[in-house]
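Working through the structure, step by step
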Amino acid sequence: MALLALDLGSQGGWAVERQDGRVEHGTWTHPKREGQRFRQFRINLADLKRRLELGEDPLVQIVFENVSFMPPKGGVYVAHVWGAFWGVLLEWAEMHGIPCRPVEVGTIKGHLTGKVTAAKELVTAEVKRRGYKFASSDEADAIALLITVGDKFRPVHAQAAE
């Protein structure tokens with residue numbers, strides 16, 4: 001049973017924790033062409049789900065970083081693109097019967113740094129301090145999300161084994 005954490009976007013970070021505690025993570029770069037980026041996102045989700053199932057670790061929950069403010073860089077357009085990724089994710093998860101829930105950015109920052117308004121660099125530094133190596137801030141964000149929800153998720157593994 002696996003938990004998937006996502007940092008949604010045209011360059012989206014992902015991190016997955018398997019039932020045995022192994023963590024995999026990376027970044028998906030989606031094409032800039034409007035429809036193509038969301039099609040590629042669906043393909044990436046399906047490929048990851050299939051790979052997990054082949055390893056007898058079905059995907060049982062998805063969490064994503066919930067952005068509840070308009071970014072200063074790119075403004076409305078960036079917010080629309082993020083919302084489209086959100087819609088695709090919710091639809092895909094519903095189609096596959098996988099629970100999907102948002103986690104507020106402040107919750108992640110607070111869990112890792114003790115301060116809900118912490119700078120992104122502090123969160124990234126904490127992810128590094130915990131021994132994770134990552135190639136981008138998007139990947140680090142997904143790992144941070146996975147760390148944050150990990151303790152709440154682990155009991156699902158124990159319940160499933162009973």
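Right, let's walk through the structure included here. (Residues numbered from 1 in each chain as written. Predicted model: local features only at pLDDT ≥ 70, side-chain atom pairs only at ≥ 80, totals over all residues. Heavy atoms only, no water.)

**Some details on the side chain of Glu24**
Here Glu24 shows up in strand E3 (residues 23–29). Polar side-chain contacts of Glu24 include one of 2.6 Å to the side chain of Arg51. In this structure Glu24 touches Trp14, Ala15, Val16, Arg18 and Arg51, once residues within four positions along its chain are discounted. (Helix = DSSP H or I, 4+ residues; strand = E, 2+ residues; numbered from the N terminus. Polar contact = N/O pair within 3.5 Å; in protein donor to acceptor, adjacent residues only side chain to side chain. Contact = heavy atoms within 4.5 Å.)

**Details of the sheet that holds strand E1 (residues 2–7)**
The mixed open sheet is built from 5 strands, whose spatial order is E3-E2-E1-E4-E5. A strand with exactly one partner marks an edge of an open sheet, and here the two such strands are E3 and strand E5 (100–104). On average, each strand axis in the sheet is inclined to that of its neighbour by 25°, with strand direction left out of account. Across 5 bridges, E1 lies against strand E2 (residues 11–17) in antiparallel orientation. Bridged to Asp7 within E2 is Gly13. Most of the contacts of helix H3 (residues 105–113) go to E5, to which it runs at about 65°, and overall it touches strand E4 (59–66) and E5. (Pairing = 2+ DSSP bridges. Axes fitted to C-alpha atoms, helices over the stretch in contact; angles between N-to-C directions.)

**Overview of unusual backbone geometry**
For Glu56, which is not glycine, the phi dihedral falls at a positive 55°. Counting through the fold element by element, Glu56 comes out in the loop between helix H1 (34–54) and E4. Assessed through its relative accessible area of 71%, Glu56 is described here as exposed. (Buried < 20%, exposed > 50% of the residue type's maximum accessible area, 1.4 Å probe, protein only.)

**Things to note about the side chain of His30**
Within the secondary structure layout, His30 lies in the loop between E3 and H1. Side-chain polar atoms of His30 contact the side chain of Asn44, separated by 3.2 Å. Apart from the residues within four sequence positions on either side, His30 is in contact with Gly9, Ser10, Gly12, Arg37, Gln40, Phe41, Asn44 and Phe85.

**Some points on helix H4 (residues 120–129)**
For an α-helix, 3.6 residues make a turn, and residues three or four places apart therefore share a direction. Among the residues of H4, Val123, Thr124, Glu126 and Val127 are the ones counted as buried. Down the axis, H4 shows its buried residues gathered within 160° of arc, on one side only. For H4, exposure combined with an orientation more than 90 degrees from the buried face picks out Glu121, Lys128 and Arg129. Where H4 ends, the next residue or the one after it, Gly131, has phi of about 95°, a positive value. (Arc of directions from axis to C-beta.)

**Quick look at the pattern of salt bridges**
Tallying each qualifying case throughout the model produces 10 salt bridges. Notably, a salt bridge pairs Asp20 with Arg22, separated by 2.8 Å at the nearest N-O pair. Judged by relative accessible area, which is 52%, Asp20 ranks as exposed. Exposure remark for Arg22: the relative accessible area of 45% places this residue in the partly exposed category. Across the pair Lys120 and Asp141 runs a salt bridge, and its minimum N-O distance is 2.6 Å. Here Lys120 is found in helix H4, whereas its partner Asp141 is found in helix H5 (residues 137–161), with 21 residues between them in sequence. One continuous salt-bridge network, built from bridges that share partners, spans Arg18, Glu24, Arg51 and Asp57. (Salt bridge = Lys/Arg side-chain N within 4 Å of Asp/Glu carboxyl O.)

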